[in-house]
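# Topology and contacts: notes
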Amino acid sequence: MTDADKEIDFEVDEEDLDTTPVIEVPSEHLSLMVNDLHVSYRVFGAKKVGHGPGRDWGVLGRLARRGAKQPPVREVKAIRGVTFAARHGEAIGIIGENGSGKSTLLRAIAGLIPPVSGTVHVASNPALLGVNAVLMKDLSGERNIMIGALALGLTTKQVKERFQEIVDFAEIGEFVNLPMKAYSSGMGARLRFAISASAVPDILMIDEALATGDAHFRAKSKARMDEIRKSAGTVFLVSHSLATVKSMCTRVLWIHDGKLVMDGDPAEVCGAYKTFVDAKKKAKAAG
Ligand SMILES: Nc1ncnc2c1ncn2[C@@H]1O[C@H](COP(=O)(O)OP(=O)(O)OP(=O)(O)O)[C@@H](O)[C@H]1O
Ligand SMILES: [Mg+2]
């Protein structure tokens, strides 16, 4: 082993050292490849366990401690060694409990958070993604459509051409002129989806956006997702609704505690996840 082969990663825990195979699939079929991805958040100023809530050192105490110690930093390991490859034309559902790492995984794939280690390869620029982060509540729907669509890579001319289409798709009517904080959560979600889907991106990522939509909007969203898949795109859909995931996805990833525990057929993975959730509920009720 040469020095160059040795990769020292101080962040890795022993439990994270399960050897994840490198996937080898002909690259022309792949739209995205995630290899042994680790993502952490650093939480500054977090109290050490055991300090108890609201402990105050007082002015003298704080002065005495000044310079002696850095403020405590806690590391939250949100994604701990996830590996998978996505192909063109797939609609991939991502399920898992609250805090399991679904949104973090999408954000890391979108390039919004740098990984601690591991790699994300995308065949083309992952358009969309983080529209959730981009939209601004104080601005009107119109301004958000302009900014959001430009952020997705559309030209000003394309945004103008597709503007009405986006408004119609979102079914927000006159509300387009009002600040987004005046929208119902359904309206906001519909607008987010309409903007996200306007770019016909190679990779479309939707995080919970459909959860608040009604049946009619879900049907329209599914049609749009199918269109993107047919034009050889890949769709990711994070949702707590197993019915939505089952009806819209061709493949499902189950994330638990930052790890990929199952990857496969929607009915199978959703079934296994439901069994797990039900068992957990039962155990909680019993004890
Ligand atoms: N900005 C942040 N700073 C610190 N920790 C964070 C941050 N965002 C998420 N986390 C932590 O990372 C872990 C994964 O969170 P994430 O939001 O990815 O979960 P999720 O599966 O999307 O959950 P949900 O179903 O509730 O949306 C959790 O432990 C969460 O507390
Ligand atoms: Mg989330």
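We now turn to the structure provided with this report. As the structure is a computational prediction, the values presented were derived from the model and not from experiment. (Residues numbered from 1 in each chain as written. Chains lettered and ligands numbered in written order. Predicted model: local features only at pLDDT ≥ 70, side-chain atom pairs only at ≥ 80, totals over all residues. Heavy atoms only, no water.)

## Overview of the packing of aromatic side chains
Using the criterion set out here, one finds eight aromatic pairs in the structure. Plain terms: the ring middles of Phe193 and Phe217 are 5.9 Å apart, the flat faces sit at 85 degrees to each other, and that makes the pair edge-to-face. Residue Phe193 is found in helix 6 (residues 185-198), and its partner Phe217 is found in helix 7 (residues 215-230); the two are separated by 24 residues along the sequence. When sorted by exposure, Phe193 lands in the same class as Phe217, which is buried. Above the face of the Phe169 ring, Lys220 is positioned so that its terminal group lies 4.6 Å from the ring centre. (Phe/Tyr/Trp six-rings, centres within 6.5 Å; stacked < 30°, edge-to-face > 60°. Helix = DSSP H or I, 4+ residues; strand = E, 2+ residues; numbered from the N terminus. Buried < 20%, exposed > 50% of the residue type's maximum accessible area, 1.4 Å probe, protein only. Lys NZ or Arg CZ within 6 Å of the ring centre and 35° of its normal.)

## Considering the sheet that holds strand 3 (residues 91-95)
The sheet built from five strands is open, its strands ordered 5-6-3-7-8 with mixed pairing. Edge positions in the open sheet fall to strand 5 (203-207) and strand 8 (259-264), since each of these has one partner strand only. Each strand axis lies, on average, 20 degrees off the axis of its neighbour in the sheet, ignoring direction. Sheet topology places strand 7 (residues 251-256) next to strand 8; five bridges connect them, and they run antiparallel. Bridged to Leu253 within strand 8 is Asp263. Helix 7 contacts strand 3, strand 5 and strand 6 (234-238) of the sheet and is inclined by roughly 145 degrees relative to strand 6. Against the sheet, helix 9 (residues 266-286) engages strand 3, strand 7 and strand 8, with an angle of about 30 degrees to strand 7. (Pairing = 2+ DSSP bridges. Axes fitted to C-alpha atoms, helices over the stretch in contact; angles between N-to-C directions. Contact = heavy atoms within 4.5 Å.)

## Side note on the site of ligand 1
Taken together, 13 residues form the shell around ligand 1, and within it Gly99, Lys102, Ser103, Thr104 and His240 come nearest. One of the side-chain nitrogen or oxygen atoms of Asn98 is found 2.9 Å away from an oxygen atom of ligand 1. Ser103 is positioned such that a nitrogen or oxygen atom in its side chain is 2.8 Å from an oxygen atom of ligand 1. Isolated, ligand 1 exposes 630 Å² of accessible area, and the fraction of that covered by the protein chains is 64%. For the shell around ligand 1, the secondary-structure elements that each account for two or more residues are strand 1 (30-44), strand 2 (73-87) and helix 2 (102-109). Broken down by element, the residue count for the shell around ligand 1 peaks at three residues, all from helix 2. Its residues assigned to classes, the shell around ligand 1 comprises four nonpolar, seven polar and two charged. (Near = heavy atom within 4 Å. Polar contact = N/O pair within 3.5 Å; in protein donor to acceptor, adjacent residues only side chain to side chain. Areas by Shrake-Rupley, 256 points an atom, 1.4 Å probe, with all protein chains shown as cover. Nonpolar A, V, L, I, M, F, W, Y, C, P; charged D, E, K, R; others polar.)

## Here we look at the sheet that holds strand 2
A sheet is described by the order of its strands in space; here three strands give the open sequence 2-1-4, paired in antiparallel fashion. Here the strands that pair on one side only, and so sit at the sheet edges, are strand 2 and strand 4 (117-122). Across the sheet, the axes of successive neighbouring strands diverge by a mean angle of 25 degrees, strand direction being ignored. Where strand 1 and strand 2 come together, twelve bridges link them in antiparallel fashion. By the bridge assignment, Leu32 is partnered in strand 2 with Ala86. Strands in contact with helix 2 are strand 1, strand 2 and strand 4; relative to strand 1, the strand with the most contacts, it is inclined by about 115 degrees.

## Considerations on the packing of helix 5 (residues 156-170) against helix 6
In a packed pair of helices, the relevant descriptors are the angle between the two axes and the axis-to-axis distance. It is the contact of helix 5 with helix 6, at a shortest axis distance of 8 Å, that shows an interaxial angle of 140 degrees. Between helix 5 and helix 6, the interaxial angle falls into the category oblique. Crossing handedness for the pair helix 5 and helix 6: right-handed. In this structure, helix 5 uses Arg162, Ile166, Phe169 and Ala170 to contact helix 6, whose residues at the interface are Arg190, Leu191, Phe193, Ala194, Ile195 and Ser198. Taken together, the residues of the contact of helix 5 with helix 6 sort by class into seven nonpolar, one polar and two charged. (Parallel < 35°, antiparallel > 145°, perpendicular 65-115°, else oblique. Left-handed = near helix turned anticlockwise from the far one by under 90°.)

## A word on the pairing of strand 6
Counting buried residues in strand 6 gives five out of five residues, a clear majority hidden from the surface. Of the two faces of strand 6, the one carrying Thr234, Phe236 and Val238 and the one carrying Val235 and Leu237 are both buried. As paired strands, strand 3 and strand 6 are joined by four bridges and run parallel to one another. When the sheet's bridge partners are listed, Ile92 is paired in strand 6 with Phe236. As judged from the five bridges shared by strand 5 and strand 6, these two strands associate in the parallel manner. For Leu204, the partnering residue across the bridge sits in strand 6 and is Val235.

## Some remarks on the pattern of salt bridges
All chains considered together, the criterion is met by eleven salt bridges. With its nearest N and O atoms 3.0 Å apart, the salt bridge here joins Asp226 to Lys222. You can see Asp226 and its partner Lys222 sitting in helix 7, four residues apart, about one turn around the helix. What makes Lys222 partly exposed here is its relative accessible area of 25%. In this structure, a network of salt bridges that share partners links the residues Arg87, Glu90, Arg251 and Asp263. (Salt bridge = Lys/Arg side-chain N within 4 Å of Asp/Glu carboxyl O.)

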